[in-house]
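# Structural overview
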Amino acid sequence: MFLGLDSSTQSLSAIIIDPASRKIIASHSVNFGRNLPQYLSPNGFIPEGKNGEVHSNPLMWLDALDLLFRELSENADLSRIEIIAGSGQQHGSVYFNAKFDHSLSTLDPAQSLSSQLSSSLTRKTSPIWMDTSTGEECAEITASVGGSSEVCARSGSNAIERFTGPQIRRFWKTDPDAYGRTSRIHLVSSFIASVLAGKSMPIDFGDGAGMNLLNLGDLEWDAGLLNATAPELDRKLPPPVSCLTALAGISTYFSTKYGISSNCKICPFTGDNPASLVGMGATTPGQVVISLGTSDTYFAAMPTAKTDPQGYGHVFGNPAGGFMSLICFRNGSLARECLRDELHVDWSAFEKESLLASSDSAGKNLTLPFYGAEITPRYDFEKPVTDFTEEQTPGRRIRSLLEGQFLNMRLHSQWMGVTTERIRLTGGASQNDGIAQLVADVFQAPVERLEVENSAALGAALIAATAMGNDLVEMQNIYCKPASNSLLQPNTELGEVYSSALGKYAKLLKMHIKS
Ligand code: ADP
Ligand code: XUL
């Protein structure tokens, strides 16, 4: 059996698979807000941070780990788990003093993880991906290395506020003493893997690429970026490796306390998006994943390594080898909710039948679908911009907003040069057939939704099975199955309509951003 873990923003989840029986044996989740209310983080982070700061308490992640294993061990036989792999929310970082490695190797099963590791932290809270406080540090790193295109060429992304390098620089600038006392900096992913292994684990390429520190050419830490970020950083970072090889055994803390076999091995953990790429069965080019969550994300395996000339998209490592892209759109469900509330309707107005009623208007009315600041494209929008050729009825406004969102996505993913053979849709809004059909129509590709919802934890379990010698594609064929009746075919009559709307959308966007 193989265990996949995902330590995400709001919860820690586990999926145990048994490839021999082709079954999922157990899945379980601990919700930080609900199950650990003492951390006062209802959504997994400390509310009301100042100056764009969004932090979480790493002790909460440790308590979640103890709680998850306690509850899992009550419901499943953990002695049969051969390998554990996992993923973490990307970009978040955890800071430790020189005592950390010794504390990890001598953990007492009679006590909790958090009580034993808290004195090793040099920074009590961890900046996470929602943090936007590092604009100044991004500018400094960019200037020091020689411009945005240089940072992007080396690391796969422009310097980005939530990325770990700019966050580390800000820590060094604001608390140089604590930075000086820090001898180990982990990502959320490598931190959780280290705790399981009882020793510091390396950082996986996939997740490491979200730091603005990894050189994608040689997959080593980039000396120029390290120097531009903070002093002596090379000594504080674990080495970068692939997540596909189990490099360590389980620590005696976990084997004694939760009945895991002492032969169980641990893989380096990856990021939640690379793990999701695996769990969505999309590690080969041509398969695109669109996640319609709070924000919308578009990610896909890349046929060849290249970077976004406009600097909006990111390049991360693909756990199956090569690279993946990720493009994040801040105005996702939040924008859909704004229009829904403005029109005093519910989600049924976005459903298939309602959208069919406005199908004659396809591509005729344009909306730049942004209710607030956007990152793709980067611009401080205040409200949607419309250019309608027909009267603005509620039905047409909904169609036009959704078309605008997916045209914007199509426009800003063109640089990847991917031929979209199939789209796998996930996230809260993916269950809405109307929205899913518009994705199929705008991209002119079939859309599917999968049976298993937690794609990152599933992907991690598949990585664990692959590390044991199973074939990844075979594992994906077993576990990444479309839910029955979830396939939607594009209306090919709209192919021309949306190709022409794409050009008009691009023109409107350019005009607005310039003005
Ligand atoms: P996240 O993981 O980013 O927290 P989810 O993937 O759980 O978000 O998606 C939650 C969002 O899904 C909600 O904010 C809501 O706007 C949207 N949503 C839920 N149900 C529907 C629906 N039937 N139609 C459209 N959107 C929906
Ligand atoms: C990706 C990103 C988020 C986090 C949390 O760049 O910031 O998707 O990985 O899920």
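Residues numbered from 1 in each chain as written. Chains lettered and ligands numbered in written order. Predicted model: local features only at pLDDT ≥ 70, side-chain atom pairs only at ≥ 80, totals over all residues. Heavy atoms only, no water.

On to the nonpolar core, then. Ranked by internal contacts, the top residues of the largest apolar core, which has 112 residues, are Ile17, Leu213, Ile290, Tyr298, Phe406, Ile423 and Leu462. Discounting chain neighbours no more than four positions away, the residues touching Leu462 are Ile17, Val278, Gly279, Leu472, Met475, Gln476, Tyr479 and Cys480. Judged by nonpolar contacts, the second largest core, of 53 residues, contains Leu62, Val195, Met201 and Ala248. (Core = buried A, V, L, I, M, F, W, Y, C linked by side-chain atoms within 4.5 Å. Buried < 20%, exposed > 50% of the residue type's maximum accessible area, 1.4 Å probe, protein only. Contact = heavy atoms within 4.5 Å.)

Bringing the site of ligand 2 into the picture now. In the vicinity of ligand 2, the contacting residues are Gln90, His91, Trp129, Arg162, Asp272, Asn273 and Leu326. Within the side chain of Arg162, an N or O atom sits 2.8 Å from an oxygen atom of ligand 2. The side chain of Asp272 places a nitrogen or oxygen atom 2.5 Å from an oxygen atom of ligand 2. Expressed as a share of its isolated accessible area of 290 Å², the protein-covered part of ligand 2 is 90%. (Near = heavy atom within 4 Å. Polar contact = N/O pair within 3.5 Å; in protein donor to acceptor, adjacent residues only side chain to side chain. Areas by Shrake-Rupley, 256 points an atom, 1.4 Å probe, with all protein chains shown as cover.)

Turning our eyes to something else, we now look at the domain arrangement of the protein. Bring the parts together and some accessible area is lost; that lost area is often taken as the interface size. Here the protein is described as being made up of domain 1 (2–274) and domain 2 (282–449 + 484–515). Its C-alpha centre places domain 1 at a distance of 31 Å from the equivalent point of domain 2. The interface of domain 1 with domain 2 comprises 22 residues on the first partner and 16 residues on the second. Interface area for domain 1 against domain 2, summed over the two sides, is near 1,400 Å², with a carbon-plus-sulfur share of 60%. When the buried surface of domain 1 facing domain 2 is broken down by residue, Arg162, Asn273 and Pro274 rank first, second and third, together holding 28% of it. Across the salt bridge formed by Arg378 and Glu161, the nearest N and O atoms sit 3.3 Å from each other. The tally of links between domain 1 and domain 2 comes to four residue pairs in polar contact (both at pLDDT 80 or more). Secondary-structure elements contributing two or more residues to the side of domain 1 that touches domain 2 are helix H6 (148–155), helix H10 (205–208) and helix H14 (272–279). (Domains from an automatic or database assignment. Buried area = accessible area lost by both parts, 1.4 Å probe. Salt bridge = Lys/Arg side-chain N within 4 Å of Asp/Glu carboxyl O. Helix = DSSP H or I, 4+ residues; strand = E, 2+ residues; numbered from the N terminus.)

A full pass over the atoms with the stated rule returns 13 aromatic pairs. Each ring, one from Phe171 and one from Tyr179, has its centre 6.3 Å from the other, and the planes form 70°; the classification is edge-to-face. For Phe171, a relative accessible area of 3% translates into the label buried. Site record: aromatic cluster; members linked through ring pairs are Phe69, Tyr253, Phe254 and Tyr258. When the ring centre of Tyr95 is taken as origin, the NZ or CZ atom of Arg123, which lies over that ring, is 5.0 Å away. Between the NZ or CZ atom of Lys236 and the centre of the ring of Tyr179, over which it lies, the distance is 4.6 Å. (Phe/Tyr/Trp six-rings, centres within 6.5 Å; stacked < 30°, edge-to-face > 60°. Lys NZ or Arg CZ within 6 Å of the ring centre and 35° of its normal.)

Our focus in this paragraph is empty space enclosed by the protein. The final tally for this structure, using the stated rule, is one cavity of 30 Å³ or more. In this structure, the largest cavity spans a volume of roughly 60 Å³. Taken together, Asp296, Phe329, Asn331, Pro369, Phe370, Glu374, Gln405, Asn408 and Met409 make up the full set of residues lining the largest cavity. Among the elements that make up the lining of the largest cavity, the one with the highest residue count is helix H17 (residues 394–413) (three residues). Within the lining of the largest cavity, the residues separate by chemical class into four nonpolar, three polar and two charged. (1 Å grid on protein atoms, 1.4 Å probe; cavity = no way out; pocket = protein on both sides within 12 Å on 5 of 7 lines; lining within 4 Å. Points joined across faces, edges and corners; volume = space filled by probe spheres on them. Nonpolar A, V, L, I, M, F, W, Y, C, P; charged D, E, K, R; others polar.)

With that settled, consider the sheet that holds strand S24 (residues 422–426). The strands that make up a sheet are held in pairs by hydrogen bonds between backbone atoms, and each pair lies either parallel or antiparallel. If you walk across this open sheet you meet the six strands as S18-S19-S17-S16-S24-S25, and the pairing is mixed. Single-partner strands in this sheet number two, and they are strand S18 (314–317) and strand S25 (447–448). As paired strands, strand S16 (residues 287–292) and S24 are joined by five bridges and run parallel to one another. If you follow Gln287 over to S24, its bridge partner there is Arg422. (Pairing = 2+ DSSP bridges.)

On to the pattern of salt bridges, then. Using the criterion set out here, one finds 18 salt bridges in the structure. Of the charged contacts, one joins Glu448 and Arg424 as a salt bridge, the two residues approaching to 2.9 Å between their closest N and O atoms. Here Glu448 is found in strand S25, whereas its partner Arg424 is found in strand S24, with 24 residues between them in sequence. The partner of Arg449 in a salt bridge is Asp433, and the shortest N-O contact between them spans 2.9 Å. Taken together, the residues Arg449 in the loop between S25 and helix H19 (455–467) and Asp433 in helix H18 (residues 433–443) connect sequence positions 16 residues apart. Judged by its relative accessible area of 5%, Arg449 falls in the buried class. Look at Asp433 and you get partly exposed, because its relative accessible area is 30%. Salt bridges here are not isolated pairs; linked through shared partners, they connect Glu136, Glu137, Glu140, Arg169 and Lys173.

A few words now on helix H20 (residues 472–479). Taken together, the buried positions of H20 are Leu472, Met475, Gln476, Ile478 and Tyr479. Down the axis of H20, the buried set is contained in an arc of 160°. They therefore lie on one face. (Arc of directions from axis to C-beta.)

With six of six residues buried, strand S1 (residues 2–7) is to be regarded as a mostly interior element. Where S1 lies against strand S5 (residues 83–88), six bridges are found, and the strand directions are parallel. In the strand pairing of S5, Leu3 is matched with Ile84. Between the antiparallel neighbours S1 and strand S2 (residues 11–18) lie three residues.

Among all positions of helix H5 (residues 135–145), only Glu137, Cys138, Ile141, Thr142 and Val145 are buried. Relative to the axis of H5, the buried residues are bounded by an arc of 135° and lie together on one face. Residues of H5 that are exposed and point more than 90 degrees away from the buried face comprise Glu136, Ala143 and Ser144. Contact partners of the buried residues in H5: H6, helix H7 (164–174) and helix H11 (223–229). Phi for Gly146, located one or two positions after H5, is positive at around 110°.

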